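Listed below, chain by chain, are the residues.
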Amino acid sequence: VEEYLSEIIQKEGVAHVTLIDPASQKPEEAVRLATEAVAGGTNAIMLGGSTDAGGQILDLTAKMIKENVSVPIILFPGSTSGFTTQADCVLFMSLLNSRDPHYIVGNQMLGALTLYKTGMESIPMAYLVCEPGGTVGWVGDAKLLPRAKPELAAAYALTGKYYGMRYTYLEAGSGADSPLPPEMIGTVKHVLKDSVLIVGGGIRDGKAAAICAKAGADIIVTGTAIEKADDVKALTAEIVMGAKMGKKA
Ligand code: 1GP
């Protein structure tokens, strides 16, 4: 999955991932969202959520999406309960700016042997939650990175990179009023260089995706806007196109 995404980033300049929270709808509805998002050009489906996103509903949602779409399914676990064997890859993430060791290394330790036994691909990722942070900021007890202090986000991103994390996820929180400022994205990408930068939270249209991609995002994540869209395929296509145009600009 990591290789697949790298190739897209190399060829297209930017990749797009659709986030589906398994707790937000029935598996059949999640399949519809995923199928239409893939038709609109999304490159992968990411499954995760901060609360209630595990167990049977996650297993079934992942299994049914896998049976119906051709793109990879990537787990984005909020805790150990966010793991299922019905996926292709897991983001082995640490919420580096959490105040709670459970979200930095505790849940990871509890899930590590399970992951080892399945042999599933995992990608080490620094997860950095910025203002306003949304539910994940609250649940993960994040010391929210201020939007006006890009250098603090860059310092955390470098910390993750020096630890060997190949991905960094700059998160505004699902449903944020606005995407992260381009200055913050740019400052983080500048220090990360070739490491992959994911940006998400509050990206709702092609224009916003273009600004994030131009600023330095390698992967754009959209969740809420796609979950709420009347025409999922059309909105995904607009966001994917916006991201690509932004990267070329
Ligand atoms: C949340 O960054 C993702 O983890 C997506 O955010 O729901 O605002 O698109 P949205």
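Refer to the structure presented above.
Let me sum up the structure you'll find in this document. Here the structure is a predicted model, which means the values were calculated and not measured. (Residues numbered from 1 in each chain as written. Predicted model: local features only at pLDDT ≥ 70, side-chain atom pairs only at ≥ 80, totals over all residues. Heavy atoms only, no water.)

### Things to note about the layout of surface pockets
Argument step 1. Volume-wise, the largest pocket comes out at about 870 Å³.
Argument step 2. Every residue lining the largest pocket is counted, 49 residues in all, and those nearest its centre are G49, S50, F76, P77 and G78.
Argument step 3. Of all the elements, helix α4 (residues 101–118) adds the most residues to the lining of the largest pocket, at eight residues.
Argument step 4. In terms of residue class, the lining of the largest pocket is made up of 20 nonpolar, 25 polar and four charged. (1 Å grid on protein atoms, 1.4 Å probe; cavity = no way out; pocket = protein on both sides within 12 Å on 5 of 7 lines; lining within 4 Å. Points joined across faces, edges and corners; volume = space filled by probe spheres on them. Helix = DSSP H or I, 4+ residues; strand = E, 2+ residues; numbered from the N terminus. Nonpolar A, V, L, I, M, F, W, Y, C, P; charged D, E, K, R; others polar.)

### Thoughts on the packing of aromatic side chains
Argument step 1. Inspection of every chain in the model, using the stated rule, returns three aromatic pairs.
Argument step 2. Aromatic pair F76 and Y127: ring centres 5.5 Å apart, planes at 85 degrees, arrangement edge-to-face. In this pair, F76 sits in the loop between β3 (73–75) and β4 (89–95) while Y127 sits in strand β5 (residues 121–129), placing the two residues 51 residues apart along the sequence.
Argument step 3. Since its relative accessible area comes to 8%, F76 is described here as buried.
Argument step 4. Ring centres of F76 and Y169 lie 5.2 Å apart, and the angle between their planes is 10 degrees; this geometry places the pair in the stacked category. Pair noted here: F76 is in the loop between β3 and β4 and Y169 is in strand β6 (residues 167–171), with a separation of 93 residues, a long-range link. (Phe/Tyr/Trp six-rings, centres within 6.5 Å; stacked < 30°, edge-to-face > 60°. Buried < 20%, exposed > 50% of the residue type's maximum accessible area, 1.4 Å probe, protein only.)

### A word on the site of the ligand
Argument step 1. Close to the ligand lie L19, F76, Y169, E171, S174, G175, G200, G201, G202, T222, G223 and T224, which account for all nearby residues.
Argument step 2. Taking T224, its side chain carries an N or O atom lying 2.5 Å from an oxygen atom of the ligand.
Argument step 3. Here the ligand has 310 Å² of accessible area as a free molecule, and 97% of this is covered by the chains.
Argument step 4. Assessed atom by atom at 2 Å from the grid points, the ligand resides in the largest pocket.
Argument step 5. Looking at the shell around the ligand, its residues break down into three nonpolar, eight polar and one charged. (Near = heavy atom within 4 Å. Polar contact = N/O pair within 3.5 Å; in protein donor to acceptor, adjacent residues only side chain to side chain. Areas by Shrake-Rupley, 256 points an atom, 1.4 Å probe, with all protein chains shown as cover. Sits in = over half its atoms within 2 Å of the grid points.)

### Looking at the pairing of strand β8 (residues 219–222)
Argument step 1. Side chains I219 and V221 project from β8 onto one buried face, and the interleaved I220 and T222 project onto a second face that is buried too.
Argument step 2. In this structure, strand β1 (residues 15–20) lies alongside β8, joined through four bridges in parallel fashion. By the bridge assignment, T18 is partnered in β8 with T222.
Argument step 3. The pairing of strand β7 (residues 196–200) with β8 spans three bridges and is classified as parallel. Across the sheet, the residue bridging to G200 is V221, located in β8.
Argument step 4. With helix α8 (residues 206–215) bridging β7 and the parallel β8, this β-α-β connection has right-handed handedness. (Pairing = 2+ DSSP bridges. Right-handed = clockwise from strand over helix to strand, strands pointing away.)

Purely spatial values, then, with no claim about function.
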